[in-house]
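Architecture at a glance
The lines below spell out each chain.
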Amino acid sequence: MDRCLYCNQSLEHGATLIELLINHDVLCPMCRHELIRNKKKFIINNIPVDACYIYNDFFSSLLVQYKDCMDEALKSVFLFNHRMIFHVKYWGYTLVPMPSSKDKIKDRGFNHVLGMFEWCKNEKYCCLEKTSNQKQVTSTSIQRQKMIGNIRCTKDVKHIKKILLVDDVCTTGSTLKGALEALSSFEGKIKIFVIATHPLNLKKVVR
Ligand SMILES: [Zn+2]
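Summary of the structure given here.

So, how was this worked out
Residues numbered from 1 in each chain as written. Predicted model: local features only at pLDDT ≥ 70, side-chain atom pairs only at ≥ 80, totals over all residues. Heavy atoms only, no water. Buried < 20%, exposed > 50% of the residue type's maximum accessible area, 1.4 Å probe, protein only. Helix = DSSP H or I, 4+ residues; strand = E, 2+ residues; numbered from the N terminus. Pairing = 2+ DSSP bridges. Donors = N, O, S within 2.8 Å, 3.2 Å for Na, K, Ca; no water. Tetrahedral: all angles 85-135°; square planar, octahedral: opposite > 155°, others 65-115°. Polar contact = N/O pair within 3.5 Å; in protein donor to acceptor, adjacent residues only side chain to side chain. Contact = heavy atoms within 4.5 Å. Salt bridge = Lys/Arg side-chain N within 4 Å of Asp/Glu carboxyl O. Axes fitted to C-alpha atoms, helices over the stretch in contact; angles between N-to-C directions.

The element strand β6 (residues 162–170) is largely enclosed, with a buried count of 8 among its 9 residues. With 4 bridges connecting them, strand β3 (residues 94–97) and β6 associate as parallel partners. Following the sheet pairing, Pro-97 is matched in β6 by Val-166. In terms of strand pairing, β6 meets strand β7 (residues 189–197) through 8 bridges, oriented parallel. If you follow Lys-162 over to β7, its bridge partner there is Lys-189.

Turning our eyes to something else, we now look at the coordination of the zinc ion. Around a metal, the idealised angle for a tetrahedral arrangement of four donor atoms is 109.5 degrees; for an octahedral arrangement of six donor atoms it is 90 or 180 degrees. Within the protein, Cys-4 (SG), Cys-7 (SG), Cys-28 (SG) and Cys-31 (SG) serve as the donor atoms for the zinc ion, at 2.3 Å. Viewed at the metal, the 4 donor atoms of the zinc ion are separated by angles of 105 to 116°, and the geometry they form is tetrahedral. Mapped onto the sequence, the donors of the zinc ion take the spacing C-x2-C-x20-C-x2-C. Note that Cys-4 is positioned in the segment before α1 (17–22) and Cys-28 in the loop between α1 and α2 (29–34), a separation of 24 residues in sequence.

With respect to the helices, strands and loops of the structure, Asp-50 is situated in strand β2 (residues 47–54). Overall, the relative accessible area of 11% leaves Asp-50 in the buried class. A polar atom in the side chain of Asp-50 sits 2.8 Å from the side chain of Lys-89. Apart from residues no more than four positions distant in its own chain, Asp-50 is found in contact with Lys-41, Lys-89, Tyr-90, Ile-192, Phe-193 and Val-194.

Let us now look at the pattern of salt bridges. With the rule as written, the count across this model stands at 9 salt bridges. Of the charged contacts in the structure, one is a salt bridge between Arg-32 and Asp-25, with a shortest N-O distance of 2.6 Å. Overall, Arg-32 belongs to the buried group, its relative accessible area being 12%. With its nearest N and O atoms 2.5 Å apart, the salt bridge here joins Arg-152 to Glu-129. Linking Arg-152 in strand β5 (residues 151–153) with Glu-129 in strand β4 (residues 128–130), this pair joins segments that are 23 residues apart in sequence. One network of salt bridges, in which partners are shared, links Lys-41, Asp-50 and Lys-89.

Tracing the backbone shows Val-169 in strand β6. Apart from the residues lying within four places of it in its own chain, the contact partners of Val-169 are Tyr-55, Phe-59, Leu-63 and Ala-196.

Right, let's get into the environment of Leu-35. Summarising the element assignment, Leu-35 is placed in the loop between α2 and β1 (42–44). Note on Leu-35: relative accessible area 7%, which makes it buried. Sequence spacing of Leu-35 and Tyr-53 is 18 residues, and the spatial spacing of their C-alpha atoms is 6.7 Å. With sequence-adjacent residues up to four places away left out, Leu-35 is seen in contact with Leu-27, Tyr-53, Phe-58, Phe-59 and Leu-62.

Before going further, it helps to spend a moment on the sheet that holds β2. With mixed pairing, the 5 strands of this open sheet are ordered in space as β1-β2-β7-β6-β3. Each having just a single partner strand, β1 and β3 make up the two edges of the open sheet. Going across the sheet, the axis of each strand differs from the next one's by a mean of 30°, ignoring polarity. Taken strand by strand, helix α3 (residues 57–68) contacts β2, β6 and β7, and its axis lies near 105° from that of β6.

Here it is, written out as structure tokens:
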């Protein structure tokens, strides 16, 4: 019997009849229902941001299990139900993941943002690098402002036509603003996609 990748219950646990018939998910319905879908966009530097989910306690636990407890198998759960629409919406875009520090990737043994998009066939291009290692959650607003200047583009992007910046969570938007600044000489189209957003981003326009 297949089991939920997060809670290890049977995939039939809590399922309705319809879910039993059509469900091919990797999370059980109980876990899937804890993830709150988002359809609103918000703006960072005039660029609309797509976010799949609202960042809530369940999403936070799932992300901790994946990236801090290094449960790499969970990489497929985040966009499992979004794959078709993602392909249609972002066809032809080159995915540029937000940078993690090299030490974190080494400790973890995998790039957690790239892992979430491993299923998709878009070209991936890791051209952004953090120039200092600050943990955003504990940083002050002044430090976050500084962080905008702490991302640099390390590779040529002239051959790319369209970039999709991707990240796991958008909290304040400062990391994404830093990435946009690092890519300011890029002349093609840029869109932004994050797996989850802090609910406050949906209440105001991020400047
Ligand atoms: Zn579950």
